[in-house]
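Structure at a glance
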Amino acid sequence: MFDKNTFSPYAARNTTKPVNFYCAAPFAQSVFLVGDFNGWNPASHPMRRREDGCWFIEVLLTHGHHQYQFLVDDQPVLDPRGTGIARNDRNERVSLVAVS
């Protein structure tokens with residue numbers, strides 16, 4: 001039998017996995033990643049510009065589906081590489097990523 005202090009059937013929801021996000025915006029001055037995982041706060045996930053003009057960030061996310069979007073020079077942009085499109089609490093179109 002499992003010791004309930006060390007085993008949890010819900011352990012997957014507490015584990016995190018690194019997820020890479022890319023945004024092709026070579027002429028942008030700033031790009032931020034916002035989503036349900038950071039309270040839609042742009043200050044918490046600024047993206048870094050690479051030499052090829054693509055913006056990049058790696059974020060640790062928990063198991064499940066997460067809504068997000070890029071803020072390119074303060075304008076919301078959907079991710080064409082995302083798993084899908086959903087609506088957030090404000091009924092805005094946002095990208096969706098599945099983490100397993």
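Let us look at the structure shown here. (Residues numbered from 1 in each chain as written. Predicted model: local features only at pLDDT ≥ 70, side-chain atom pairs only at ≥ 80, totals over all residues. Heavy atoms only, no water.)

1. Considerations on the sheet that holds strand β1 (residues 16-24)
Read across the sheet, three strands follow the order β1-β4-β3 without closing on themselves; strand pairing throughout is antiparallel. Each edge of the open sheet is held by one strand with a lone partner, namely β1 and β3 (48-49). Here β3 runs beside strand β4 (residues 54-62); their pairing, made up of two bridges, is antiparallel. Within the sheet, the bridge partner assigned to Arg48 lies in β4 and is Phe56. (Pairing = 2+ DSSP bridges. Helix = DSSP H or I, 4+ residues; strand = E, 2+ residues; numbered from the N terminus.)

2. Focus: unusual backbone geometry
Apart from glycine, the bulk of residues carry a negative phi angle, and the bulk of peptide bonds sit in the trans form. In the Ramachandran plot, Trp40 falls in the positive-phi region, its phi being about 60° despite a non-glycine side chain. Within the fold, Trp40 resides in the loop between β2 (31-35) and β3. Residue Asn91 is not a glycine yet carries a positive backbone phi of 65°. Here Asn91 lies in the loop between β7 (84-87) and β8 (93-99).

3. Some words on the side chain of Ser95
Turning to its location among the elements, Ser95 is positioned in strand β8. In this structure the side chain of Ser95 is engaged in a polar contact, spanning 2.7 Å, whose partner is the backbone nitrogen of Asp79. (Polar contact = N/O pair within 3.5 Å; in protein donor to acceptor, adjacent residues only side chain to side chain.)

4. Some details on the pairing of β7
Relative to β8, β7 runs antiparallel, the two being bridged by four bridges. Among the inter-strand pairings, Ile85 is bridged to a residue of β8, identified as Ser95. Between the antiparallel neighbours β7 and β8 lie five residues, among them Asn91 with a positive phi of about 65°.

5. Observations regarding the packing of aromatic side chains
Here a ring pair, both rings aromatic, is described through the centre-centre distance and the interplanar angle of the planes. All chains considered together, the criterion is met by four aromatic pairs. A centroid spacing of 4.9 Å and a plane angle of 70° characterise the contact between Phe21 and Tyr68, whose relative ring orientation is edge-to-face. Of this pair, Phe21 sits in strand β1 while Tyr68 is found in strand β5 (residues 64-72), placing the two residues 47 residues apart along the sequence. Judged by its relative accessible area of 2%, Phe21 falls in the buried class. Aromatic pair Tyr68 and Phe70: ring centres 6.0 Å apart, planes at 75°, arrangement edge-to-face. (Phe/Tyr/Trp six-rings, centres within 6.5 Å; stacked < 30°, edge-to-face > 60°. Buried < 20%, exposed > 50% of the residue type's maximum accessible area, 1.4 Å probe, protein only.)

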